[in-house]
Amino acid sequence: MTNEIYVEKNGYIATLVLNRPEKRNSLSRAMFQTILDKLEALRIDSSIKVLIVRGVNEVAFSSGADISEFLDVRYAANHAKAYNDLALKAIDALYKFPHPTIAMIQGLAIGGGLELANACDFRLATPKSKLGITAANIGIIYNLESTKRLMNIVGAAKAKEILYTANIFTAEEGKNIGLITALHEPEDIENATIQFANHLLSKSSVANAGIRKIIQAIVDGENEESEELSQMILDSFSSDDYNEGIQAFLNKRKPIFNK
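The following paragraphs examine the structure supplied in this document. Model, not experiment: these values are computed from the prediction.

## Section: the overall build of the chain
Now for step 1: If you tally the helices and strands in the chain, you get eleven helices and ten strands.
Now for step 2: Scaling as 2.2 N^0.38, a compact globule of 259 residues should have a C-alpha radius of gyration of about 18 Å, and the chain matches this with 19 Å.
Now for step 3: The C-alpha extent of the chain, read off along each of the three principal axes, is 60 × 45 × 35 Å.
Now for step 4: Per-residue burial for the chain yields a buried fraction of 44% across its 259 residues.
Now for step 5: For the chain, long-range pairs separated by at least 24 residues make up 70% of all intrachain contacts whose partners lie at least 6 apart in sequence.
Now for step 6: In the chain, 28 side chains carry a positive charge and 32 a negative one; their mean positions are 2 Å apart.

Structure representation (structure tokens):
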């Protein structure tokens, strides 16, 4: 159980690995708790500036929640609420992670697996990846938070199509509707994901963290800057990154930002 979710660190990049290949990385209730715990530890780790989420192998990112345990832990309203609250808390922790997040999708990203990927800023996949949300096949109403997240990515019409039909679709189709950021061949996706993460690292972490908060505020319905956001913007003009960026521009060189 303890190894079904683990974290690898490489410099400023952390990778959260779903490691239940025999179940195509289906997510148990216990795994949602572990994801929440791991994300909290990474959130307060000042050495981490980019997070990658992936499955342990090419078979699956995640095939979704583990339906085999539903009759025990997600049956009737009281059990369902406790399960749903935990799962949504884990997914929300990923959505609100303070630094850029990348889902590296190999194989299946279905149901709760795609829900987890949609909480990331970017979704890289292979042409062989399969996507879908199949709640309509088992009589579950998809939650508001994740439905809103899906709609923000693909629009209301496509979100309805994905949810009503419960169809499985290709990553290429996903890219065409804006769900997938980029496609890479299976043999290239790991290197492409690391290269993309390193490209993000080459930019100002002050700017990237702020961009994330600003975009999330807009997505969550804010139309005006809160006092907190306004102060964050003003503080950026006093940061070391701002000074380095200006000096690099004036001296016609690439900036080297502190991490």
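## Here's the deal with the sheet that holds strand β3 (residues 50-55)
Now for step 1: Read from one edge to the other, the open sheet built from six strands follows the order β1-β2-β3-β5-β7-β10, with strand pairing classed as mixed. Of all strands in the sheet, those with a lone pairing partner are β1 (5-10) and β10 (182-183), marking the two edges.
Now for step 2: Both strand β2 (residues 13-18) and β3 contribute to a ladder of six bridges, which runs parallel. In the sheet register, Thr15 faces β3, and the bridge partner there is Ile52.
Now for step 3: With respect to the sheet, helix α1 (residues 29-43) is in contact with β1, β2 and β3, its orientation differing from that of β1 by roughly 25°.

## Quick look at the sheet that holds strand β6 (residues 108-110)
Now for step 1: Read across the open sheet, the four strands follow the order β4-β6-β8-β9; overall the sheet is mixed. A strand with exactly one partner marks an edge of an open sheet, and here the two such strands are β4 (60-62) and β9 (169-170).
Now for step 2: Strand direction decides the pairing type here: strand β8 (residues 130-132) and β9, joined by two bridges, are antiparallel. Bridging across to β9, Lys130 finds its partner in Thr170.

## A few points about the pattern of salt bridges
Now for step 1: By the definition in use, this model includes eleven salt bridges.
Now for step 2: Across the salt bridge formed by Arg20 and Asp66, the nearest N and O atoms sit 3.0 Å from each other. Taken as a pair, Arg20 in the loop between β2 and α1 and Asp66 in the loop between β4 and α2 (70-73) lie far apart in primary sequence, 46 residues in all. Summarising the burial analysis for this pair, Arg20 and Asp66 share the class buried.

## Considerations on the nonpolar core
Now for step 1: If you look at the biggest cluster of nonpolar residues, it comprises 46 residues, and the most contacted ones within it are Ile35, Leu51 and Ile105.
Now for step 2: Among the elements of the structure, β2, α1, β3, α3 (76-95), β5 (101-105), α4 (112-118), α5 (144-154) and α6 (156-165) are those that each provide at least two residues to this core.
Now for step 3: With seven residues, α3 is the single largest residue contributor to this core.
Now for step 4: With near-sequence residues (within four places) excluded, Ile35 lies in contact with Ile5, Leu16, Leu18, Leu27, Ala90 and Leu116.

## Section: the pairing of β3
Now for step 1: β3 sits mainly inside the fold: six of its six residues count as buried.
Now for step 2: On β3, burial covers both faces: Val50, Ile52 and Arg54 on one face and Leu51, Val53 and Gly55 on the other are all buried.
Now for step 3: For the segment spanning β2, α1 and β3, crossover handedness is right-handed.
Now for step 4: Where β3 meets β5, four bridges bridge the pair, whose relative direction is parallel. Bridge pairing links Val53 to Ala103 in β5.

## Description of the pairing of β5
Now for step 1: Counting buried positions along β5 yields five of five residues, so the element is predominantly enclosed.
Now for step 2: Covered by surrounding structure in β5 are Thr101, Ala103 and Ile105 together with Ile102 and Met104, the residues of both alternating faces.
Now for step 3: Examined bridge by bridge, β5 and strand β7 (residues 122-125) share four bridges and lie parallel to one another. Bridged to Ile102 within β7 is Phe122.

Conventions used here
- Residues numbered from 1 in each chain as written.
- Predicted model: local features only at pLDDT ≥ 70, side-chain atom pairs only at ≥ 80, totals over all residues.
- Heavy atoms only, no water.
- Helix = DSSP H or I, 4+ residues; strand = E, 2+ residues; numbered from the N terminus.
- Rg over C-alpha atoms; globule rule 2.2 N^0.38 Å.
- Buried < 20%, exposed > 50% of the residue type's maximum accessible area, 1.4 Å probe, protein only.
- Contact = heavy atoms within 4.5 Å.
- Lys, Arg positive; Asp, Glu negative; His and termini not counted.
- Charge placed at Lys NZ, Arg CZ, Asp CG, Glu CD.
- Pairing = 2+ DSSP bridges.
- Axes fitted to C-alpha atoms, helices over the stretch in contact; angles between N-to-C directions.
- Salt bridge = Lys/Arg side-chain N within 4 Å of Asp/Glu carboxyl O.
- Core = buried A, V, L, I, M, F, W, Y, C linked by side-chain atoms within 4.5 Å.
- Right-handed = clockwise from strand over helix to strand, strands pointing away.

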